[in-house]
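The residues making up each chain are set out below.
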There are 2 protein chains.
Amino acid sequence: MNNVTKFKIFKPAKEIFEAFVDPSKIGKFWFSSSSERWEEGKVITLKYDLYNAEGKIKIIEIQDNKKIVFAWGETEEGHVVTISLTEIDHNNTIIEIIEEGFNENTPDFVHQLIDNKEGWVFMLSCLKSYLEFGVTTLRGALIK
Amino acid sequence: MNNVTKFKIFKPAKEIFEAFVDPSKIGKFWFSSSSERWEEGKVITLKYDLYNAEGKIKIIEIQDNKKIVFAWGETEEGHVVTISLTEIDHNNTIIEIIEEGFNENTPDFVHQLIDNKEGWVFMLSCLKSYLEFGVTTLRGALIK
């Protein structure tokens with residue numbers, strides 16, 4: 001079982017794509033920083049200052065303004081995330097995020113899925129609120 | 001198993017409480033309309049114009065600026081939702097939402113929990129974005 005989250009953002013696909021791949025933008029809605037521009041094959045370091053956390057992702061595939069596939073971790077072994085952008089018209093794009101790799105035999109499988117869903121919905125809300133309204137301080141509000 | 005979602009909102013508890021109970025406010029972040037002010041014992045009709053949907057809730061308990069307990073439906077038989085507000089200081093409140101009543105023996109139990117989590121996280125994002133930034137058009141973005 002995978003987690004699938006779909007959201008409507010009233011912006012061109014290119015703007016949404018750039019929000020992820022351009023390291024000057026990610027801090028407005030998700031991680032605090034991204035070590036460099038996301039490109040196929042690269043390993044990127046993501047930092048989250050608020051939680052004093054750091055992690056790496058491996059970029060598996062990039063299709064400009066359409067698709068980003070990455071794995072959590074330095075290799076392609078971790079959970080795989082696929083971000084797809086479908087531009088309905090110039091100012092209306094559907095973003096779909098799929099995270100795969102959950103193990104149904106793990107005792108806390110259901111908790112993992114729910115926590116993961118929580119994270120994606122909140123990130124997408126922050127992304128929409130940043131791109132559509134310029135709000136950059138919504139993030140960091142979830143309490144575990 | 002229940003769904004618990006906790007969020008930080010940089011507003012006094014009273015403002016957050018009023019956003020739910022005052023029918024002139026709910027349309028800014030959640031349902032399109034609420035038939036009347038939420039008070040203990042009342043049955044309230046909630047409408048969601050975008051989805052052409054209507055539902056009723058039964059208000060079970062109200063503690064001004066602190067707690068709202070309601071059941072989905074006209075009686076107290078449905079899932080029960082408890083909204084708790086804890087004011088950390090004047091402009092910093094923790095809102096916790098618990099939904100109870102999921103049946104672990106239902107075949108789509110996990111999907112129900114995940115869908116439900118998606119709904120609460122998005123509603124809370126819209127609420128935060130409304131109260132802190134005056135953004136009232138974030139809602140309606142989730143696609144099933």
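The paragraphs below set out a description of the structure included in this document.

What counts and what doesn't
All residue numbers refer to positions counted from 1 along the written sequence of the respective chain. Chain labels run from A onward and ligand labels from 1 onward, assigned in the order the entries are written. pLDDT decides what is reported in this predicted model: residues at 70 or higher carry local features, side-chain atom pairs at 80 or more are listed and counted, and totals for whole chains, interfaces and linings draw on all residues regardless. Going along the chain from the N terminus, every DSSP run of H or I of four or more residues is numbered as a helix, and every run of E of two or more is numbered as a strand. Counting other C-beta atoms within 10 Å of each residue's C-beta, where C-beta atoms are placed from the backbone, gives the exposure class: buried for 20 or more, exposed for 12 or fewer, partly exposed between. Contact between two residues is assigned when their C-beta atoms, built from the backbone, lie within 7 Å. Under the grouping applied here, Gly and all other residues not named as nonpolar or charged are polar, the nonpolar ones being Ala, Val, Leu, Ile, Met, Phe, Trp, Tyr, Cys and Pro and the charged ones Asp, Glu, Lys and Arg. DSSP bridges decide pairing: two strands pair if at least two such bridges lie between them. Axis geometry follows a simple rule: fit a line to the C-alpha atoms, using only the stretch in contact for helices, then measure angles between N-to-C directions, giving values from 0 to 180 degrees. Here the copies are matched by least squares. The fit uses the C-alpha atoms of residues with pLDDT of at least 70 in both. Helices are assigned an expected span. That span is 1.5 Å times one less than the residue count.

**Details of the overall build of chain A**
Moving on, step 1. Across its full length, chain A carries two helices and eight strands.
Moving on, step 2. Tracing chain A from N to C terminus, the helices and strands come up as β-α-β-β-β-β-β-β-α-β.
Moving on, step 3. Projecting the C-alpha coordinates of chain A onto the three principal axes gives extents of approximately 45 × 35 × 30 Å.
Moving on, step 4. Expressed as a percentage of its 144 residues, the buried residues of chain A come to 31%.

**Overview of the interface of chain B and chain A**
Moving on, step 1. In this assembly, 21 residues from chain B lie in contact with 21 residues from chain A.
Moving on, step 2. Breaking the side of chain B that touches chain A down by element, the ones donating at least two residues are strand 1 (3-9), helix 2 (109-133) and strand 8 (142-143) of chain B.
Moving on, step 3. It is helix 2 of chain B that provides the largest number of residues to the side of chain B that touches chain A, a total of eleven residues.
Moving on, step 4. Per-class residue counts for the side of chain B that touches chain A are 13 nonpolar, three polar and five charged.

**Quick look at the sheet that holds strand 4 (residues 53-63) of chain B**
Moving on, step 1. Ordered in space as 8(A)-1(B)-7(B)-6(B)-5(B)-4(B)-3(B)-2(B), the eight strands form an open sheet in which the pairing is antiparallel. Each edge of the sheet is formed by a strand with only one pairing partner; in this case those strands are strand 8 (142-143) of chain A together with strand 2 (33-34) of chain B.
Moving on, step 2. Sheet topology note: the strand 3 (residues 43-48) of chain B/strand 4 of chain B ladder contains six bridges and is antiparallel. Residue Tyr48 of chain B lies in a different strand from strand 4 of chain B, and its bridge partner there is Ala53 of chain B.
Moving on, step 3. In the packing of helix 1 (residues 13-21) of chain B onto the sheet, the strands contacted are strand 1, strand 5 (67-72), strand 6 (80-89) and strand 7 (92-100) of chain B, and the crossing angle to strand 6 of chain B comes to about 155 degrees.
Moving on, step 4. Where helix 2 of chain B meets the sheet, it contacts strand 1 and strand 7 of chain B, and its direction lies at approximately 15 degrees from that of strand 1 of chain B.

**Considerations on the sheet that holds strand 2 (residues 33-34) of chain A**
Moving on, step 1. The eight strands are arranged 2(A)-3(A)-4(A)-5(A)-6(A)-7(A)-1(A)-8(B) in an open sheet whose pairing can be described as antiparallel. The open sheet terminates on both sides in strands that have one partner only, identified here as strand 2 of chain A together with strand 8 of chain B.
Moving on, step 2. Two elements, strand 4 (residues 53-63) of chain A and strand 5 (residues 67-72) of chain A, share six bridges in a ladder whose sense is antiparallel. Residue pairing across strands places Ile62 of chain A opposite Ile68 of chain A, the latter belonging to strand 5 of chain A.
Moving on, step 3. Relative to strand 6 (residues 80-89) of chain A, helix 1 (residues 13-21) of chain A is tilted by about 155 degrees, and along the sheet it contacts strand 1 (3-9), strand 5, strand 6 and strand 7 (92-100) of chain A.

**A word on the relation of the copies chain B and chain A**
Moving on, step 1. Expressed as a screw operation, the relation of chain B to chain A combines 0.0 Å of axial shift with a rotation of 180 degrees, fitting to an RMSD of 0.0 Å. Interpreted geometrically, this transformation is the action of a two-fold axis. Of every C-alpha in chain B, the one belonging to Ile114 of chain B sits nearest the axis of rotation, 2.8 Å from it.
Moving on, step 2. When the interface residues of chain B are mapped onto chain A, 100% of them again fall at the interface, so both copies present the same face.

**Side note on the environment of Glu15 of chain A**
Moving on, step 1. Assignment of secondary structure puts Glu15 of chain A in helix 1.
Moving on, step 2. Each C-alpha atom of the pair Glu15 of chain A and Thr45 of chain A lies 22 Å from the other, and the pair is 30 residues apart in sequence.

**Topic: the pairing of strand 3 of chain B**
All names here are of chain B.
Moving on, step 1. As judged from the two bridges shared by strand 2 and strand 3, these two strands associate in the antiparallel manner. Residue pairing across strands places Ser34 opposite Leu46, the latter belonging to strand 3.
Moving on, step 2. With antiparallel pairing between neighbouring strands as the criterion, strand 3 and strand 4 make up a hairpin whose turn holds four residues, including Asn52 at a positive phi of roughly 50 degrees.

**Structural notes on helix 2 (residues 109-133) of chain A**
Moving on, step 1. For helix 2 of chain A, which comprises 25 residues, the first-to-last C-alpha distance of 36 Å matches the rise-based estimate of 36 Å (1.5 Å per residue) to within 8%.
Moving on, step 2. Count one or two residues on from helix 2 of chain A and you reach Gly134 of chain A, which has phi positive near 70 degrees.

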